Amino acid sequence: MDATMEHASVMKVMNATMDAAIPPSDRELFRAVAGSWAAGVAVITSIDGTGSPHGLTMTAVSSLSIDPQQFLISVAETSETLRAIRESNVFCINMLESRQEDVSRRFATKTPNKFDGVAYTSLPSGAPLIDEALAYVECKVVQMFKSGDHQLIVGAVLGLATFDGEPLLHYRGGYKRLTS
Ligand SMILES: Cc1cc2nc3c(=O)[nH]c(=O)nc-3n(C[C@H](O)[C@H](O)[C@H](O)COP(=O)(O)O)c2cc1C
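Everything quoted here is computed from the prediction, not taken from an experiment.

Any chance you could break down the sheet that holds strand β12 (residues 174-176) for me, citing the residues and the numbers?
With antiparallel pairing, the 3 strands of this open sheet are ordered in space as β1-β11-β12. Two strands lie at the open edges of the sheet, namely β1 (39-40) and β12, each paired on one side alone. Two elements, β1 and strand β11 (residues 169-171), share 2 bridges in a ladder whose sense is antiparallel. In the sheet register, Ala-39 faces β11, and the bridge partner there is His-170.

Account for the site of the ligand, naming residues and giving values.
Taken together, 20 residues form the shell around the ligand, and within it Thr-57, Ser-79, Glu-80, Thr-81 and Lys-110 come nearest. Contact between the ligand and Ala-76: an oxygen atom at 2.8 Å from a main-chain N or O atom of the residue. Ala-108 is positioned such that a nitrogen or oxygen atom in its backbone is 3.1 Å from an oxygen atom of the ligand. Across the complex, the protein chains shield 79% of the 660 Å² of accessible surface that the ligand would expose by itself. The leading source of residues in the shell around the ligand is strand β3 (residues 53-58), at 4 residues. Considering only residue class, the shell around the ligand consists of 8 nonpolar, 9 polar and 3 charged.

Give me the confidence of the model for the chain: which residues, what numbers.
For the chain, per-residue confidence averages 91 on the pLDDT scale, and residues scoring 70 or more make up 87% of the total. Within the chain, no element has a lower average pLDDT than helix α1 (residues 3-20), which sits at 46, and none a higher one than strand β6 (residues 90-95), at 99. This model gives residues 1-17 a pLDDT under 50, and the stretch forms 2 contacts once residues within four places in sequence are excluded.

Describe the nonpolar core, and please don't skip the residues or the numbers.
Nonpolar side chains tend to gather and get buried jointly when the protein is soluble and globular. In terms of nonpolar packing, the biggest core is built from 16 residues, with Ile-44, Ile-73, Val-75, Ile-85, Phe-91, Ile-93 and Ile-153 touching the most fellow members. Listed by contribution, the elements that provide at least two residues to this core are β2 (42-47), β3, β5 (69-76), α3 (80-88), β6, β9 (135-147) and β10 (150-162). Discounting chain neighbours no more than four positions away, the residues touching Phe-91 are Ile-44, Thr-45, Ser-46, Ile-73, Ile-85, Ala-127, Val-137, Glu-138, Cys-139, Val-141, Ile-153 and Gly-155. Listed in part, the 10 residues of the second largest apolar core include Val-41, Leu-96, Ile-130 and Tyr-175.

Could you give an account of the sheet that holds β2, with specific residues and numbers?
On the basis of which strands lie adjacent, the open sheet formed by 7 strands has the order β3-β2-β6-β9-β10-β5-β4 and antiparallel pairing. In the strand order of this sheet, the two ends are held by β3 and β4 (61-66), each with one partner. Sheet twist, expressed as the average angle between the axes of neighbouring strands with direction ignored, equals 30°. Sheet strands in contact with α3 are β2, β3, β5, β6, β9 and β10, and its direction is about 50° off that of β2.

Which residues make up α3, and what are the values?
Regarding α3, the residues found buried are Thr-81, Leu-82, Ala-84 and Ile-85. With its buried residues spanning 160° around the axis, α3 presents them on a single face. The distance from a side-chain oxygen at the start of α3 to the backbone nitrogen of Thr-81 is 3.0 Å, and the residue carrying that oxygen is Ser-79. Positioned one or two residues after α3, Asn-89 has a phi angle of 65°, which is positive.

Conventions adopted
- Residues numbered from 1 in each chain as written.
- Predicted model: local features only at pLDDT ≥ 70, side-chain atom pairs only at ≥ 80, totals over all residues.
- Heavy atoms only, no water.
- Pairing = 2+ DSSP bridges.
- Helix = DSSP H or I, 4+ residues; strand = E, 2+ residues; numbered from the N terminus.
- Near = heavy atom within 4 Å.
- Polar contact = N/O pair within 3.5 Å; in protein donor to acceptor, adjacent residues only side chain to side chain.
- Areas by Shrake-Rupley, 256 points an atom, 1.4 Å probe, with all protein chains shown as cover.
- Nonpolar A, V, L, I, M, F, W, Y, C, P; charged D, E, K, R; others polar.
- pLDDT = per-residue confidence, 0-100.
- Contact = heavy atoms within 4.5 Å.
- Core = buried A, V, L, I, M, F, W, Y, C linked by side-chain atoms within 4.5 Å.
- Buried < 20%, exposed > 50% of the residue type's maximum accessible area, 1.4 Å probe, protein only.
- Axes fitted to C-alpha atoms, helices over the stretch in contact; angles between N-to-C directions.
- Arc of directions from axis to C-beta.

Written as structure tokens, this is what we have:
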């Protein structure tokens, strides 16, 4: 196949793919594609102005910069934990261990007292570190900006550590574990 023919056949495949694409208004397709990104599971914790702990389950977590050290999280505008983060300006990324699926499920709800029965220690910033997490990053908010229906929050690293264990993963709507 010469270069022109090869280009034509590539364009044909691209057009066929685009024809088959479902409009961006399809929320189910968006969720299916977003959920195809296999991700670790974290609970983002914070404290409100009265010192009460809050937290939500999250997969939208990323390391962002090493010099200076920063992490990025994405929190829905509707999140109750977002209010606490705004009040205290601190949060902790609790990366969950494979045996903490129950913790993930609990913090993915709107239950008022999510910390009842959950063992944790308060870090120097006041943000809770959940017992038996796989790793944690304690952060101070340095930037927060709205994009769509979420707030992107950049946190400067105050402290961090890893512990023994395996990660809890989430893929296509279900919890997964490493098999090798
Ligand atoms: C696997 C998984 C990943 C999630 N990822 C996010 C996320 O990245 N950002 C977000 O705002 N909510 C995410 N959620 C939803 C929140 O955990 C959920 O809306 C929670 O009830 C919010 O609690 P809050 O209002 O007390 O903060 C996720 C839920 C699950 C189960």
